[in-house]
Amino acid sequence: MNLRTGLFSLLALGAPGAASAQSLAVTRAAGTISEADIRRRIFLIADDSMGGRNTPSPGLTKTAAYIASEFRRFGLQPGGDSGTFLLNYPIVNKALLAQRSGIRFSSGSGEAVVAGLSDNAALVFGPTSAAVSGSVVLVGGAVVAESLKADDFKDRIVVYVPGQNAPMTRSRIRLFQRLGEIGARGAVVVIGSDSVFANYARFQTRVRTTVGDAGRRAGIPVIAVREASVVAQAPGAQDQFSALRSAPVTMVQPMPDWEGEITLKDTTVSATTAPDVVGILPGTDPVLKNEFLVFSAHMDHIGTAGQPGAQCPPVGADNICNGADDDGSGTVGVIELAQAFSQRGARPKRSVIFLTVSGEEHGLWGSAWFVGHPPVPLPRIVADLNADMIGRNWKDTIVAIGKEHSDLGATLNRVNAAHPELHMHAIDDRWPEERFYERSDHYNFAVKGVPILFFFNGVHEDYHRASDSPDKIDAEKESRIVKLLFYLGREVANAARRPKWVEASYKEIVQ
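Reading the values: the criteria
Residues numbered from 1 in each chain as written. Predicted model: local features only at pLDDT ≥ 70, side-chain atom pairs only at ≥ 80, totals over all residues. Heavy atoms only, no water. Helix = DSSP H or I, 4+ residues; strand = E, 2+ residues; numbered from the N terminus. Buried < 20%, exposed > 50% of the residue type's maximum accessible area, 1.4 Å probe, protein only. Contact = heavy atoms within 4.5 Å. Areas by Shrake-Rupley, 256 points an atom, 1.4 Å probe, with all protein chains shown as cover. Lys, Arg positive; Asp, Glu negative; His and termini not counted. Charge placed at Lys NZ, Arg CZ, Asp CG, Glu CD. Pairing = 2+ DSSP bridges. Axes fitted to C-alpha atoms, helices over the stretch in contact; angles between N-to-C directions. Expected span 1.5 Å × (residues − 1). Phe/Tyr/Trp six-rings, centres within 6.5 Å; stacked < 30°, edge-to-face > 60°. Core = buried A, V, L, I, M, F, W, Y, C linked by side-chain atoms within 4.5 Å. Parallel < 35°, antiparallel > 145°, perpendicular 65-115°, else oblique. Left-handed = near helix turned anticlockwise from the far one by under 90°. Nonpolar A, V, L, I, M, F, W, Y, C, P; charged D, E, K, R; others polar. Arc of directions from axis to C-beta. 1 Å grid on protein atoms, 1.4 Å probe; cavity = no way out; pocket = protein on both sides within 12 Å on 5 of 7 lines; lining within 4 Å. Points joined across faces, edges and corners; volume = space filled by probe spheres on them. Salt bridge = Lys/Arg side-chain N within 4 Å of Asp/Glu carboxyl O. Right-handed = clockwise from strand over helix to strand, strands pointing away.

Student: Explain the overall build of the protein chain to me, please; I cannot follow it from the model alone.
Tutor: The helix and strand tally for the protein chain stands at 15 helices and 18 strands. The buried share of the protein chain, taken over its 511 residues, is 52%. Partitioning the intrachain contacts of the protein chain with sequence separation of at least 6 by distance along the chain shows that 84% fall at a separation of at least 24. Only carbon and sulfur atoms are counted for the fraction: they give 53% of the accessible area of the protein chain, which is about 22200 Å². Here the protein chain contributes 52 positive and 54 negative side-chain charges, whose respective centroids are spaced 6 Å apart.

The following block contains the structure:
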């Protein structure tokens, strides 16, 4: 036999065997995702000893330590602070010093209007510490936020006169955001009703929580002021306010002779940190390993009934909100995926980040910190597959929210069809009116341009109640969902091309 011909023959015969061996390794890796493992881990994470895993809390700290130890055992690389698996973010509680805060307006002719935050003014939105000043511009009438132009408001203090007794609506909140975007330095809202003003004033005494970088992104200070206080000091303002209040269109009135100042002082009540857990599995391809797929879930819940801020009604004598489904189920799923992907022969071409975050229940805190401080450049993250509440409801169905926004939806459909043995059907969002797309950690990835899929069972009668207990988790069903995620993750992480947004969705969602 010719040596060269024989070598080619051996290679040709060996290739199918290598492919079969790889397929067997992948199947074995998927087999590590088991009903027994899921049940065991759910009973650990959602045990009463974890106290409901509020952010922050000792139970959350214990949960993060457990996950980090599992990631270490699987041989993952740490993606947190200082060579650890923990990525910590700051939580600072601040209180406004009302006696040292207030507003002042002064004119070139010597007139002045002063209102303190302990009597005639109240902080509505924005930072608790600020010192801003600028020339004054009045705005009122039927104001449309997007119609406001930077030339009218940049570097100015805006005095806004809304309709009498009008509530703080979503459109009004958007108005203040818009003013910040176009360069206004602050805003003062003239409130004609003493009872409405009192409603604003009672909220400014509460302690305000600043998380991560939120203090730098708090927007402009927005102050409510009693109209009667202003008119008492500047009687001529009454006619101006009346005209602005009744204007049928947006009315902008510069006041070049007036200067405005807003001064806010605060004090730190307490400061602490909370963890995310980050483990990284390097990819096998010398080029594609520099891109990353993320599997995410939130490991926190809402604590114990009776805790400050814990909206968790007790069930009989049980006051611990275990959060077995929300989101012990997703957290366990991420751990199971980390174990499966770390098996010999199961590593994909791209690298994989396994992420469990905290603070989701308080406003997606941990995922916001992660996308703002990722262990790898954010443009290298090709997708986020997020799992939140995947252990209950239908036996053979899982909702995959976001399928229509990128070609991840088509990839999921293809993978789902290729694995009929899982008896699992991934369907489209059944509740678009609930806006679940914006209500879990994947959303912080999406607004930064990372394609996502959100796997979610829907809520149930135990949602945010002490009755969301580990004994109610369908571990067998969850094992099949997590296997589907495993096969989907391999498809995404091995593909020659990274996932691609639908253009219209990109324009709508990415900020």
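Student: What is the right way to look at the sheet that holds strand β6 (residues 130-140) in this model?
Tutor: Strands pair in a sheet through their backbones, by hydrogen bonds, and they do so in one of two ways: parallel or antiparallel. Across the sheet, which stays open at both edges, the eight strands sit in the order β4-β3-β11-β6-β7-β8-β10-β5 with mixed pairing between neighbours. Every interior strand has two partners, whereas the edge strands, β4 (112-116) and β5 (121-125), have only one. Recorded for the sheet is a direction-independent mean angle of 30° between the axes of neighbouring strands. The pairing of strand β3 (residues 102-107) with strand β11 (residues 251-264) spans six bridges and is classified as antiparallel.

Student: Sorry, what's going on with helix α14 (residues 475-494) here?
Tutor: For an α-helix, 3.6 residues make a turn, and residues three or four places apart therefore share a direction. Relative to the 28 Å expected for 20 residues at 1.5 Å per residue, α14 spans 28 Å between its end C-alpha atoms, a close match to the ideal helical length. Counting buried positions over the 20 residues of α14 gives 16, a clear majority of the element.

Student: What should I look at first to understand the packing of aromatic side chains in this one?
Tutor: By convention here, two paired aromatic rings are described through the distance between centres and the angle between planes. The final tally for this structure, using the stated rule, is 18 aromatic pairs. For the pair Trp 431 and Phe 436, a centre-to-centre distance of 5.7 Å together with 85° between the ring planes defines the contact as edge-to-face. In this structure, Trp 431 and Phe 436 share a single accessibility class: buried. For the pair Trp 431 and Phe 456, a centre-to-centre distance of 5.6 Å together with 75° between the ring planes defines the contact as edge-to-face.

Student: Teacher, can you tell me more about the nonpolar core here?
Tutor: One recurring pattern in soluble globular proteins is that nonpolar side chains are buried together. One finds Phe 71, Phe 295, Phe 354, Phe 455 and Phe 486 to be the most contacted residues of the largest nonpolar core, which totals 60 residues. Those residues in contact with Phe 71 that sit more than four places away from it in its chain are Leu 76, Phe 85, Val 277, Val 278, Gly 279, Val 334, Ile 335, Ala 338 and Phe 354. Phe 292, Ile 381, Trp 431 and Phe 445 belong to the second-largest nonpolar core, a separate cluster that totals 37 residues.

Student: What is the right way to look at the packing of helix α2 (residues 35-45) against α14 in this model?
Tutor: To characterise two packed helices, one gives the angle between the axes of the helices and the distance between these axes. Where α2 contacts α14, the two axes come as close as 8 Å, and the packing angle between them is 110°. As the angle between them shows, α2 and α14 are arranged roughly perpendicular. Between α2 and α14 lies a crossing whose hand is right-handed. The segment α2 lies against α14, with Glu 35, Ile 38 and Arg 39 engaging Ala 475, Glu 476, Glu 478 and Ser 479. Tallied by class, the residues present in the contact of α2 with α14 amount to two nonpolar, one polar and four charged.

Student: Where do I start with helix α8 (residues 237-246) in this structure?
Tutor: All of the buried residues in α8 are Ala 237, Phe 241, Leu 244 and Arg 245. Viewed end-on, α8 has its buried residues packed into an arc of 100°, placing them on one side of the element. Across from the buried face of α8, at angles greater than 90 degrees, the exposed residues are Asp 239 and Ser 246. Looking at the buried residues of α8, the elements they touch are β6, β7 (156-161), β8 (186-191), α7 (227-233) and β11.

Student: Just to check I follow, could you spell out the layout of surface pockets for this structure?
Tutor: Unfilled space is identified by rolling a water-sized probe across the atoms. By volume, the second largest pocket is sized at about 330 Å³. Forming the boundary of the second largest pocket are 14 residues, of which Arg 435, Tyr 437, Glu 438, Glu 508 and Ile 509 lie nearest the centre. In the lining of the second largest pocket, the residues fall into six nonpolar, three polar and five charged.

Student: Looking at this structure, how should I read the pattern of salt bridges?
Tutor: When charged atoms on two side chains of opposite charge get close, those side chains can pair. Under the defined criterion, the tally for this structure stands at 27 salt bridges. Note that Asp 37 is salt-bridged to Arg 41, the shortest N-O span being 3.6 Å. Of this pair, Asp 37 and Arg 41 are both found in helix α2, four residues apart, which corresponds to roughly one turn of the helix. Here Asp 37 and Arg 41 have matching classes, each one buried. Within the structure, one salt-bridge network assembled from shared partners comprises Asp 37, Arg 40, Arg 41, Glu 70, Arg 73 and Glu 336.

Student: What is the right way to look at the packing of helix α12 (residues 408-418) against α14 in this model?
Tutor: Running from amino to carboxyl end, α12 crosses α14 at an angle of 125°, the nearest separation of the two axes being 10 Å. One finds that α12 runs oblique with respect to α14. As α12 packs across α14, the resulting crossing turns out to be right-handed. Contacts from Leu 408, Thr 411, Leu 412, Arg 414, Val 415 and Asn 416 in α12 reach Leu 484, Tyr 487, Leu 488, Glu 491 and Val 492 in α14.

Student: It is not clear to me how the pairing of strand β16 (residues 397-401) should be interpreted in this structure. Could you clarify?
Tutor: Two faces, one strand: in a regular strand the side chains alternate between the faces of the sheet. Across the five residues that make up β16, a large majority, five, are buried. Burial along β16 is two-sided: Thr 397, Val 399 and Ile 401 and Ile 398 and Ala 400, pointing in opposite directions, are all buried. Note on the crossover from β16 through α12 to strand β17 (residues 425-427): the handedness is right-handed.

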